[in-house]
Amino acid sequence: MLDRSHNAAPLPPEIARRRTFAIISHPDAGKTTLTEKFLLYGGAIQMAGQVRAKGEARRTRSDFMQMEKDRGISVSASAMSFDFGGYRFNLVDTPGHSDFSEDTYRTLTAVDAAVMVIDGAKGVESQTQKLFEVCRLRDLPILTFCNKMDRESRDTFDIIDEIQENLAIDVTPASWPIGVGRDFLGCYDMLNDRLELMDRADRNKVAESVRLQGLDDPKMEEHVPAHLLEKLREEVEMARELLPAFDAQGLLDGVLTPIWFGSAINSFGVRELMDGIGRFGPQPQPQKASPRQIAPEEEKVAGFVFKVQANMDPKHRDRVAFVRLASGHFKRGMKLTHVRTKKPMAITNPVLFLASDRELAEEAWAGDIMGIPNHGQLRIGDTLTEGEALRVQGIPSFAPELLQNCRAGDPMKAKHLDKALMQFAEEGAAKVFKPMLGAGFIVGVVGALQFEVLASRIELEYGLPVRFEPSQFTSARWMHGPKDKIEAFAQVNKGHMARDNDGDLVFLTRLQWDIDRVERDWPELTLTATKEMM
Ligand code: GDP
């Protein structure tokens, strides 16, 4: 991560209090439940039911479609803001299913930190590992929440060892669990020397907290049975000896993760975690851009689009571009420059995602996430500034790994298919290629489930049944080089050529041999598996 130099002037207070983060986890570890509790503590209880609805909708494929139909929910849950302890938290949702990883990767470019949720009985699972690797690439600070401690879970040292070994990151206990499963009493808060006791009776209640003078404090005995207390004292002593101590800089550098133990469903451990994010989590960080990086404290506003969601209301073909503000203080009505097209855009109706409701944003600061309704001008990777030609870098684009032909079920409606596919291409949900010869489209995705989701969305949002069928091609390569050479190449390879939704030429093949041959015979041309987003 780009670091703010240590002697940089402090950020303006409104920016300094912002914490923009995502939750990474394996399905079922408790992300939805934890989100719900964040909102509960953030004073937005009415939101909890909506998040729950979303979490449950994710369980099955058909329900997922149902959720997509109800775009209002899924959108307001794409980014959520809430206040707690003087901090403004911006929680950006990452899609749950592994087939939507592209979206997830991009989301992680819009946050300054991640909360990793693991299930205390299962430890580090595959999806957590994958997402962690992405965070690692960006040196994102990671705070860990070990959930479901009210159930039989693994030995505390085992869990910590597993994280250290599998993820190659130092782990420091921020809290230490007392008892396990039915006997789980709560935690000893190692950072604040407090005993936190879980109230099983009321899941929405803030846990009882007992202030202590060290582990030997006689008050301990009043609350913890002797056998558990002995074990706790032993374990904490061992942990202090064997495990790294908490170190705020280590967390910010992404080399050390503090771990809290808790039970999201019992609202236990959540407040301590939120405290930790607030106190130790990173402030809004500088953003990599060309020709220069963007610092959050700059007076002028700059932001970038990391996600586009279309057809939130099927009656209007509107889209919402999710923008992370990289710098400045935004006020509603501001005119910003859309750097890619060099056109001014008046941002008159941006949406902030305050947990209590979707609200029209009057203002926003560096670190915040805004939704900007638009008619397709805003694309993933676009930068908005007050005039300077800055382009944010590092929004990843993925090589489509699976290609299929897409045809309209009703040939009379082929024109609509064109429109629908272009829209999904702009949303970043798929790569769409129009072959130079022949009819139909070739669609490229990263995960197979995406074809089903696309087919369902096209039917739902455009009333158009479609068929996906195997394609004779398996790889797509974008062509770079002198324009005339690319055109000349295309003329002699028409059967292999297509254009993407920007009109750029793409070479399609099923043989690596073909790609090698082109590179040998056409030295002026370069083929790439991704097209860097402009
Ligand atoms: P997600 O898939 O990561 O969003 O997970 P959910 O939040 O939907 O939780 C998955 C399941 O675990 C649900 O049935 C939750 O009720 C349950 N769950 C979540 N947190 C806890 C917890 O602290 N203890 C127990 N016993 N169950 C939990």
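For every chain, the first residue of the written sequence is number 1, and numbering continues from 1 onward in sequence order. Where local features are concerned, this predicted model is filtered to residues with pLDDT of at least 70; where side-chain atom pairs are given and counted, the filter is 80 or more; whole-chain, interface and lining totals use all residues.

In the annotation of an unreviewed UniProt entry, the chain is listed under the name Peptide chain release factor 3 and assigned to Palleronia marisminoris. UniProt positions are given in the numbering used here, feature names are shortened, and annotations may be inferred rather than shown by experiment. Among the UniProt annotations of the chain, the heading Subcellular location (unreviewed entry) holds the following wording: "Cytoplasm". Listed in UniProt under the heading Function (unreviewed entry), the comment for the chain reads: "Increases the formation of ribosomal termination complexes and stimulates activities of RF-1 and RF-2. It binds guanine nucleotides and has strong preference for UGA stop codons. It may interact directly with the ribosome. The stimulation of RF-1 and RF-2 is significantly reduced by GTP and GDP, but not by GMP."

A. Region of the structure containing the overall build of the chain. Starting at the N terminus, helices and strands are each numbered in turn, a helix being any DSSP run of H or I of at least four residues and a strand any DSSP run of E of at least two. Of the regular secondary structure elements, the chain holds 16 helices and 31 strands. Relative to its 534 residues, the chain shows a buried fraction of 45%. In the chain, the proportion of contacts linking residues at least 24 apart, taken out of those at least 6 apart, comes to 70%. For every residue, the other C-beta atoms within 10 Å of its own C-beta are counted; 20 or more classify it as buried, 12 or fewer as exposed, and values in between as partly exposed. C-beta atoms are placed from the backbone. By definition, residues are in contact whenever their C-beta atoms, placed on the basis of the backbone, come within 7 Å of each other.

B. Layout of the sheet that holds strand β26 (residues 441-445). Between any two strands, at least two bridges found by DSSP are needed for them to pair. The sheet built from eight strands is open, its strands ordered β27-β24-β26-β25-β29-β30-β28-β31 with antiparallel pairing. A single partner strand is all that each edge strand has here, and the edge strands are β27 (466-470) and β31 (526-528). Averaged over all neighbouring strand pairs, the angle between strand axes comes to 40°, with direction disregarded. Only C-alpha atoms enter the line fits that serve as axes; for helices the fit covers just the stretch in contact. Angles between N-to-C directions range over 0 to 180 degrees. In the packing of helix α13 (residues 414-427) onto the sheet, the strands contacted are β24 (402-408), β25 (431-435), β26 and β27, and the crossing angle to β25 comes to about 140°.

C. Molecular detail of the site of the ligand. Looking at the ligand, there are 17 residues lining it, with Lys 31, Thr 32, Thr 33, Ser 263 and Ile 265 nearest. Top contributing element to the shell around the ligand by residue count: helix α2 (residues 31-41), with three residues. Broken down by class, the residue content of the shell around the ligand amounts to four nonpolar, eight polar and five charged. Here, nearness means that the C-beta atom of a residue, built from backbone geometry, sits within 6 Å of the molecule or strand in question. By the convention adopted, Pro, Cys, Tyr, Trp, Phe, Met, Ile, Leu, Val and Ala count as nonpolar, Lys, Arg, Asp and Glu as charged, and the other residues, Gly among them, as polar.

D. Just the packing of α2 against helix α12 (residues 270-280), in detail. Contact geometry of α2 with α12 gives a least axis separation of 10 Å together with a crossing angle of 75°. With respect to α12, the axis of α2 lies roughly perpendicular. Residues Leu 34, Lys 37, Phe 38 and Tyr 41 of α2 touch α12, and the partners they reach there are Val 270, Arg 271 and Met 274. By residue class, the composition of the contact of α2 with α12 is five nonpolar, no polar and two charged. Each angle receives one of four descriptions, namely roughly parallel if under 35 degrees, roughly antiparallel if over 145, roughly perpendicular if within 65 to 115, and oblique otherwise.

E. Structural context of the sheet that holds strand β11 (residues 256-261). Spatially, β2-β3-β1-β4-β5-β11-β6 is the arrangement adopted by the seven strands of the open sheet, whose pairing is mixed. The sheet terminates laterally at β2 (79-84) and β6 (170-173), the two strands that pair on one side only. When strand polarity is set aside, the average angle formed by the axes of neighbouring strands in this sheet is 30°. Of the strands in this sheet, β5 (142-147), β6 and β11 touch helix α8 (residues 156-167), which is tilted by about 155° from β6.

F. Structural view of the pairing of β11. Taking burial as the measure, the six residues of β11 include six buried ones, the bulk of the element. Where burial is concerned, the two faces of β11 agree: the one with Leu 256, Pro 258 and Trp 260 and the one with Thr 257, Ile 259 and Phe 261 are both buried. Where β5 and β11 come together, three bridges link them in parallel fashion. Pairing of Thr 144 across the sheet is with Ile 259, part of β11.

G. The environment of Glu 102, seen in detail. Among the secondary structure elements, Glu 102 is positioned in helix α6 (residues 101-107). Residue Glu 102 is classed as buried on the basis of its 21 C-beta neighbours within 10 Å. Setting aside its immediate chain neighbours within four residues, Glu 102 contacts Phe 398, Gly 428 and Val 446.

H. Structural context of the pairing of β2. Note that β2 and strand β3 (residues 87-92) share six bridges and pair antiparallel. If you follow Ser 81 over to β3, its bridge partner there is Asn 90.

I. Representation of the environment of Val 210 within the structure. With respect to the helices, strands and loops of the structure, Val 210 is situated in strand β10 (residues 208-211). In contact with Val 210, other than residues within four places in its own chain, are Arg 194, Leu 195, Leu 197, Lys 219 and His 223.

J. The arrangement of unusual backbone geometry in detail. Residue Pro 291 follows Ser 290 across a cis peptide bond; omega there is 5°. Inspection of the secondary structure assignment puts Pro 291 in the loop between β12 (289-290) and β13 (302-310). Despite not being glycine, Asp 28 has its phi angle at roughly 85°, a positive value. Mapped onto the fold, Asp 28 is located in the loop between β1 (18-25) and α2. Note on Asp 28: 16 C-beta atoms within 10 Å, which makes it partly exposed. Of note, the phi angle at Ser 267 is positive, near 55°, even though the residue is not glycine. Mapping Ser 267 onto the fold places it in the loop between β11 and α12.

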